[in-house]
Amino acid sequence: MATFTVVVGDPETGQSYQLEVEGQDGNRFLGRSIGDIVDGNAVGLQGYELEITGGSDDAGRPMRGDVRGPALREVLLTGGTGYRPKRDGERRRITVRGAEISDETVQINVRVASRGDETIAELLGEADEDDE
């Protein structure tokens, strides 16, 4: 059974929500890749669609969209996800994880692709009384 921490980013409000997903709902993410659309019911957001934007494994190695498959790869990077060069032209061989979600993935980053009728805070039971 797959267990993930799913970080849902809401670009409209700028807030993010951390949700634990396991069992049947966690299995919905297995085999998906960066850029895929997932039904929001997997994390308790009925009516929402979520786009996978990245993630990381238990050692903190990031997923890269340009590396195929779920395995670890050593790639020569000039910048982007997983490496920030200190000076112009600097390159480094960095170990990253592929774009496909597997059992080794611990955290999955998603953003809201399409909204439902209720807000995320209402669906998660976090709505403040002051906001109404």
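The structure under discussion appears in the preceding block.
Computed from a predicted structure; not experimentally measured.

What counts as what
Residue numbers restart at each chain and count upward from 1, following the sequence in its written direction. This being a predicted model, a pLDDT of at least 70 is required before a residue's local features are given, and a value of 80 or more before pairs of side-chain atoms are given or counted; all residues contribute to the totals for chains, interfaces and linings. Heavy atoms throughout the structure, all of them, feed into the side-chain values; hydrogens and water do not. Segments assigned H or I by DSSP are reported as helices when at least four residues long, segments assigned E as strands when at least two residues long, and all are numbered from the N terminus. Burial classes follow relative accessibility: with a 1.4 Å probe on protein chains only, a residue under 20% of its type's maximum area counts as buried, one over 50% as exposed, and anything between as partly exposed. Contacts were defined at the residue level, with two residues in contact if any of their heavy atoms lie within 4.5 Å. Here the rule is simple: two strands pair whenever DSSP picks up at least two bridges between them. The working definition used for a salt bridge is a side-chain nitrogen of Lys or Arg within 4 Å of a carboxyl oxygen of Asp or Glu.

Novice: Give me the overall build of the protein: which residues, what numbers.
Specialist: Check the secondary structure of the protein and you find 2 helices and 7 strands. Helices and strands appear in the protein in the N-to-C order β-β-α-β-β-β-β-β-α. If one aligns the C-alpha atoms of the protein with their principal axes, the spans along those axes are about 50 × 35 × 20 Å. By the burial criterion, 36% of the 132 residues in the protein qualify as buried. When contacts within the protein are restricted to residue pairs at least 6 apart in sequence, those whose partners lie at least 24 apart make up 55%.

Novice: Please give an account of the pairing of strand β2 (residues 15-22) that cites residues and values.
Specialist: Note that strand β1 (residues 3-10) and β2 share 8 bridges and pair antiparallel. Across the sheet, residue Val7 finds its bridge partner in β2, namely Gln18. Connecting β1 to the antiparallel partner β2 that follows it, the hairpin turn spans 4 residues, and Gly14 within it adopts a positive phi of roughly 80°.

Novice: Account for the pattern of salt bridges, naming residues and giving values.
Specialist: All told, the structure shown has 8 salt bridges when counted by the stated rule. Taking the shortest distance from any N to any O, the salt bridge between Arg111 and Glu51 comes out at 2.7 Å. Of this pair, Arg111 sits in strand β7 (residues 105-114) while Glu51 sits in strand β4 (residues 49-57), and the two are 60 residues apart along the sequence. Owing to a relative accessible area of 40%, Arg111 belongs among the partly exposed residues under this scheme. One salt bridge connects Arg97 with Asp57, and the closest N-O pair in it is separated by 3.1 Å. With Arg97 in strand β6 (residues 92-97) and Asp57 in strand β4, this residue pair connects regions lying 40 residues apart in the sequence. Residue class for Arg97 comes out buried when judged on its relative accessible area of 6%. When salt bridges with common partners are traced through the structure, they connect Asp10, Glu12 and Arg115 into a single cluster.

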